[in-house]
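Analysis of the macromolecular model
Each chain, letter by letter, is given below.
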Amino acid sequence: MSETMKNKVAIITGSSRGIGRATAELLGEKGASVVINYAGNKSKADEAVVYIEKVGGKAIAVQGDMSKVQDIKNLFAEAKNKFGKIDIVINCPGTFVMKPIVEITEEEFDKVFNLNSRGTFFVLQQAAKHISDGGSIINLSSGATVASGPGSGVYAASKAAAEQMITVLAKELAPRKITVNTVSPGPTETDGLVLPPQIIEKMIQMTPLGRLGQPRDVANVIAFLVSDEGHWVTAQNYRANGGIV
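Structural notes, computed from the coordinates.

The rules we used
Residues numbered from 1 in each chain as written. Predicted model: local features only at pLDDT ≥ 70, side-chain atom pairs only at ≥ 80, totals over all residues. Heavy atoms only, no water. Helix = DSSP H or I, 4+ residues; strand = E, 2+ residues; numbered from the N terminus. Contact = heavy atoms within 4.5 Å. Salt bridge = Lys/Arg side-chain N within 4 Å of Asp/Glu carboxyl O. Buried < 20%, exposed > 50% of the residue type's maximum accessible area, 1.4 Å probe, protein only. Expected span 1.5 Å × (residues − 1). Core = buried A, V, L, I, M, F, W, Y, C linked by side-chain atoms within 4.5 Å. Pairing = 2+ DSSP bridges. Axes fitted to C-alpha atoms, helices over the stretch in contact; angles between N-to-C directions.

**Here's the deal with the side chain of Thr-95**
Relative to the elements of secondary structure, Thr-95 occurs in the loop between strand E4 (88-91) and helix H4 (106-130). Those residues within four positions of Thr-95 in sequence are excluded, and the remaining contacts are Lys-111, Val-112, Leu-115, Asn-116 and Tyr-155.

**Describing the environment of Lys-44**
With respect to the helices and strands, the residue Lys-44 is situated in helix H2 (residues 42-54). For Lys-44 and Val-233, which are 189 residues apart along the polypeptide, the C-alpha to C-alpha distance reads 32 Å. Beyond its immediate stretch of four places on either side in the chain, Lys-44 contacts Ser-16 and Arg-21.

**So, the pattern of salt bridges**
Across all of its chains, the model carries ten salt bridges by this definition. In this structure, Lys-42 and Asp-46 form a salt bridge, with 2.7 Å as the shortest nitrogen-oxygen distance. One end of the pair, Lys-42, and the other, Asp-46, are both in helix H2, four residues apart, so they sit about a helical turn from each other. The closest approach of N and O atoms between Lys-99 and Glu-108, which form a salt bridge, is 2.7 Å. Since its relative accessible area comes to 26%, Lys-99 is described here as partly exposed. Salt bridges linked by common partners bring Arg-21, Glu-25, Lys-44 and Glu-47 together as one network.

**Overview of the environment of Gly-213**
Structurally, Gly-213 is set in the loop between helix H7 (197-206) and helix H8 (215-225). With relative accessibility at 17%, the residue Gly-213 sits in the buried group. A C-alpha to C-alpha distance of 6.0 Å links Gly-213 and Glu-189, two positions 24 residues apart in sequence. The residues contacting Gly-213, other than those within four sequence positions of it, are Pro-187, Thr-188 and Glu-189.

**A few points about helix H1 (residues 18-29)**
Helix length check: H1 (twelve residues) gives 17 Å between terminal C-alpha atoms against 16 Å at 1.5 Å per residue, within 8%. The buried fraction of H1 amounts to eleven of the twelve residues, a majority that puts the element mostly inside the structure. Every buried residue of H1 is listed here: Ile-19, Gly-20, Arg-21, Ala-22, Thr-23, Ala-24, Glu-25, Leu-26, Leu-27, Gly-28 and Glu-29. Remark: Gly-31 follows H1 within two positions and exhibits a positive phi of approximately 105°.

**So, the nonpolar core**
If you look at the biggest cluster of nonpolar residues, it comprises 30 residues, and the most contacted ones within it are Leu-27, Val-34, Ile-36, Ile-90 and Ile-222. Going through the elements one at a time, strand E1 (9-13), H1, strand E2 (33-38), H2, E4, strand E5 (136-140) and H8 are the ones with two or more residues in this core. Counting 26 residues, the second largest nonpolar core, distinct from the first, contains Ile-86, Leu-115, Leu-124 and Val-180.

**A word on the sheet that holds E2**
Spatially, the seven strands line up as an open sheet ordered E3-E2-E1-E4-E5-E6-E7, and their pairing is parallel. Two strands lie at the open edges of the sheet, namely strand E3 (58-63) and strand E7 (237-240), each paired on one side alone. Adjacent strand axes in the sheet meet at a mean angle of 20° when their direction is disregarded. In terms of strand pairing, E1 meets E4 through four bridges, oriented parallel. The residue of E4 that forms the bridge with Ile-12 is Ile-90. Packed on one face of the sheet, H2 meets E2 and E3 and runs near 170° to E3.

**Concerning unusual backbone geometry**
With phi around 75°, Asn-7 is a residue other than glycine that occupies positive phi space. Examined against the element boundaries, Asn-7 turns out to sit in the segment before E1. Backbone geometry places Lys-177, a non-glycine residue, at a positive phi of 60°. Mapped onto the elements of the fold, Lys-177 is located in the loop between helix H6 (153-173) and strand E6 (179-185). Since its relative accessible area comes to 59%, Lys-177 is described here as exposed.

Keep in mind these values describe shape, not function.
Okay, here's the thing in structure tokens:
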């Protein structure tokens, strides 16, 4: 354990798997106390807790649906009850529906926006209320807000809305020396990347660095932004995508 984040407390939503989990484990390796949030996969969240404790860190797992305001409030309350403060908030959950706009149902639209936009807003609201001065907030967006490929209309719009929230919140919290940034991954190899092999191969061909991203690639960018070394960066959108433009 490097202890570069010793005495820091981080909430990471949606961190039982994928980029969220990679980030939780990395911050745990660096000495942070980590609050791992999960919606339904308790066993995966518990695995992350065990890993962080094994490398010398501290962690707890807290269940909560980040599309529900009361669950969001409970998450922040449990974090402060356990660790006494919150220094870092990283918002990672997301859901998507890949369909042409003409085929999207009202239920599908609401599902995506309830988590990716509405849920993000209230996570950011709780972060602003509870985070310590000098802290850091990160929201995970997506390269889809720039690529705007067919079928991504609802997903890209929901993530783009959250990007605007981050820009505004960065200015609102700047007097408290709190940094607020977006990280937008490109195609990343997680269990959420469920696409036909030919589509994945096309994504690799589009990426100048010639491969899919790995969760730890994105976690490294997030870890920099929430570190003391990254504290001059705020109101930015870091595109961790292997060079896709």
